[in-house]
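Structural overview
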Amino acid sequence: MTMKSLLSTVSLALLLGSAATAARAQIPVGHLADYSGGTSDVGTPYGQGVVDTFAWINKNGGIGGKQVALDTNDYGYQVPRAIALYKKWSGGDKVAAIMGWGTADTEALTGFLAQDKIPDISASYAAALTDPEGVSGKAKPAPYNFFYGPSYSDAMRAMLTWAAEDWKAKGKPGKAKFVHMGANHPYPNAPKAAGEAMATELGFEVLPPLVFALAPGDYSAQCLSLKSSGANYAYLGNTAASNISVLKACKTAGVDVQFLGNVWGMDENAAKTAADAADGVIFPLRTSVVWGGNAPGMKTVMEISKMSDPSGKVYRPVHYIAAVCTSLYMKEALDWAAKNGGATGENVAKGFYQKKDWVPAGMEGVCSPSTWTEKDHRGTLKVDLYRSKVSGPTDGDVNDLMAKGTIKLEKVKTVDLPRKPEWLGW
């Protein structure tokens, strides 16, 4: 071997060695995002919130001095693509955790996560993910699934509690009529049984569900069916994009109904697009304030936002802020793991059990206090209900519309649900 080729071989070995060392010096985290699929309207701001938060974490020292290698992938809300990505993440360079997204893919991965001991804090709030031991018999054990905020089922129970009070306050005769609306899909269907059971318990007449697709479209027929059914309260189970189509069509059809939106079903952008058709929708909020709200933690959120918007001028909807909270819960679980045996999936999962009424550092007044235990992954049973208010034309920038009060998200009520064992898992 010549001196030149020997030096080349040594250089290559050193290069490969330093690359391997650099890889070990990073903490790999998988990130499923929907930027192009059926829920991309809300997936885009949420995904950006995750990316910005981990960029900010890395800028501020990472996890125990190690950088987080966030592997963000737009999977287009397609379960097969999510499973393919999971196979990669659970392979040789195994991730410490996953920032997940949809209900169908999260539920499809639940068994694999438990087997491989990889925690997934997803943006699916399906109650089936809240039973770590599977004691409820409603769903398979989900010991490595977490989410921030009330479950879809608990949010619906809270809205129905409010609706029963609203009906009584209006002094209307007879039973109020309730209907579940949404696509025939795991996400809108997740709280259906729980909601209908709660509605029956509260004295509502439960009507047959009305189906409409996850994509925007012409839903005039559904609105005419809704009108003829005489429903008083209607739950919208889809994300904002298709809900907007329903709200507009029902406004045109003169439907007199109180809409109850799921957590992904209404936000500032949806209120702008739906305009006066969005006026009055009741929906749950995961955070205690909206963008620019008066809370100490809003300073942290605005610093994180500058990772992709140095100007600080972009309005961030509620889903972005919820993503920041979710990412910072994961960050602190990773922190705990790094100090207690290393950032392995098993240790990261244990990190979620270390605190009670937990708000991530620097997020006071923004993230709602959460508690996860080894027997119950319902992080919170406190549900903050808001009403969208639209008082004029919604042309123009969301920042201006919110600043002028043309669009408002007004707090209506906080419902503290009991931690009923029989509600675990559904």
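That block above? That's the structure.
In this report, we go over the structure that sits alongside the text. (Residues numbered from 1 in each chain as written. Predicted model: local features only at pLDDT ≥ 70, side-chain atom pairs only at ≥ 80, totals over all residues. Heavy atoms only, no water.)

**Observations regarding the overall build of the chain**
Regarding its fold elements, the chain presents 14 helices and 13 strands. A compact globule built from 426 residues would reach a C-alpha radius of gyration of about 22 Å, and the chain, at 23 Å, matches this within 12%. Taken over 426 residues, the chain has a buried fraction of 54%. Taking the average location of the 43 positive side-chain charges in the chain and that of its 40 negative ones, the two points are 2 Å from each other. (Helix = DSSP H or I, 4+ residues; strand = E, 2+ residues; numbered from the N terminus. Rg over C-alpha atoms; globule rule 2.2 N^0.38 Å. Buried < 20%, exposed > 50% of the residue type's maximum accessible area, 1.4 Å probe, protein only. Lys, Arg positive; Asp, Glu negative; His and termini not counted. Charge placed at Lys NZ, Arg CZ, Asp CG, Glu CD.)

**Focus: the layout of surface pockets**
As a volume, the largest pocket reaches approximately 340 Å³. Together, 19 residues line the largest pocket, and Val-255, Asp-256, Val-257, Gln-258 and Phe-259 are the ones closest to its centre. For the lining of the largest pocket, the secondary-structure elements that each account for two or more residues are helix 5 (152-170), helix 9 (240-252) and strand 10 (258-261). The element best represented in the lining of the largest pocket is helix 9, accounting for 3 residues. Split by residue class, the lining of the largest pocket holds 9 nonpolar, 4 polar and 6 charged. Of the residues that constitute the lining of the second largest pocket, the class distribution is 5 nonpolar, no polar and 4 charged. (1 Å grid on protein atoms, 1.4 Å probe; cavity = no way out; pocket = protein on both sides within 12 Å on 5 of 7 lines; lining within 4 Å. Points joined across faces, edges and corners; volume = space filled by probe spheres on them. Nonpolar A, V, L, I, M, F, W, Y, C, P; charged D, E, K, R; others polar.)

**Focus: the state of the cysteines**
For the coordinates displayed, the defined rule picks out 2 disulfides. Cys-325 shares a disulfide with Cys-367; S-S distance 2.1 Å. Given an S-S torsion of about -95°, the disulfide between Cys-325 and Cys-367 has left-handed geometry. Placement of Cys-325 in helix 12 (residues 318-339) and of Cys-367 in the loop between helix 13 (345-351) and strand 12 (382-390) is noted, with a sequence separation of 42 residues between them. A single burial state applies to Cys-325 and to Cys-367, both of which are buried. If the cysteines joined by disulfides in the chain are listed in sequence order, their pairing comes out as 1-2, 3-4. (Disulfide = S-S within 2.5 Å.)

**Digging into helix 5**
Counted at 1.5 Å a residue, the expected span for helix 5 with its 19 residues is 27 Å, and the 27 Å between its end C-alpha atoms agrees. With respect to burial, helix 5 is a largely interior element, 14 of its 19 residues being buried. Just downstream of helix 5, Gly-171 is the residue with a positive phi angle, here 65°. (Expected span 1.5 Å × (residues − 1).)

**Notes on the environment of Gly-379**
By the secondary structure assignment, Gly-379 is in the loop between helix 13 and strand 12. Taking the C-alpha atoms as reference, Gly-379 lies 15 Å from Ala-323; in sequence the two are 56 residues apart. If near-sequence neighbours (up to four positions away) are discounted, Gly-379 is found in contact with Pro-369, Ser-370, Thr-371 and Trp-372. (Contact = heavy atoms within 4.5 Å.)

**Quick word on empty space enclosed by the protein**
All chains considered together, the criterion is met by 4 cavities of 30 Å³ or more. Put simply, the largest cavity is a space of about 60 Å³. In terms of lining, the largest cavity is formed by Thr-39, Tyr-77, Trp-101, Gly-102, Thr-103, Ala-123, Tyr-152, Tyr-187, Thr-239 and Trp-264. Per-class residue counts for the lining of the largest cavity are 6 nonpolar, 4 polar and no charged.

**A short note on the pattern of salt bridges**
Applying the stated criterion across every chain, the model contains 15 salt bridges. Between Glu-346 and Lys-117 there is a salt bridge, with its nearest N and O atoms 3.7 Å apart. With Glu-346 in helix 13 and Lys-117 in the loop between helix 4 (103-116) and strand 4 (120-121), the pair connects residues that are 229 residues apart, well separated along the chain. By relative accessible area, which is 37% here, Lys-117 ends up partly exposed. Across the salt bridge formed by Asp-376 and Arg-378, the nearest N and O atoms sit 3.0 Å from each other. Each of the two residues, Asp-376 as well as Arg-378, counts as buried. One continuous salt-bridge network, built from bridges that share partners, spans Asp-376, Arg-378 and Arg-419. (Salt bridge = Lys/Arg side-chain N within 4 Å of Asp/Glu carboxyl O.)

**Some details on the side chain of Asn-347**
Along the chain, Asn-347 falls in helix 13. One polar contact links the side chain of Asn-347 to the main-chain carbonyl oxygen of Gly-342, over a distance of 2.9 Å. (Polar contact = N/O pair within 3.5 Å; in protein donor to acceptor, adjacent residues only side chain to side chain.)

**As for the environment of Pro-80**
With respect to the helices and strands, Pro-80 occurs in helix 3 (residues 79-89). Along the primary structure Pro-80 and Asp-105 are separated by 25 residues, whereas in three dimensions their C-alpha atoms are 8.2 Å apart.

**Remarks on the sheet that holds strand 1 (residues 26-33)**
Read across the sheet, 5 strands follow the order 2-1-3-4-5 without closing on themselves; strand pairing throughout is parallel. Two strands lie at the open edges of the sheet, namely strand 2 (67-74) and strand 5 (145-146), each paired on one side alone. Where strand 1 and strand 3 (residues 97-99) come together, 3 bridges link them in parallel fashion. Among the inter-strand pairings, Val-29 is bridged to a residue of strand 3, identified as Ala-97. (Pairing = 2+ DSSP bridges.)

**Examining the packing of aromatic side chains**
For the coordinates displayed, the defined rule picks out 23 aromatic pairs. An aromatic cluster of at least three residues, connected via ring pairs, comprises Tyr-46, Trp-101, Tyr-125, Phe-147, Tyr-152, Tyr-187 and Trp-264. The residue whose ring lies beneath Arg-157 is Trp-426, and the NZ or CZ to ring-centre distance is 5.3 Å. A cation over an aromatic ring shows up here: Arg-286 above the ring of Trp-264, its NZ or CZ 4.4 Å from the ring centre. (Phe/Tyr/Trp six-rings, centres within 6.5 Å; stacked < 30°, edge-to-face > 60°. Lys NZ or Arg CZ within 6 Å of the ring centre and 35° of its normal.)

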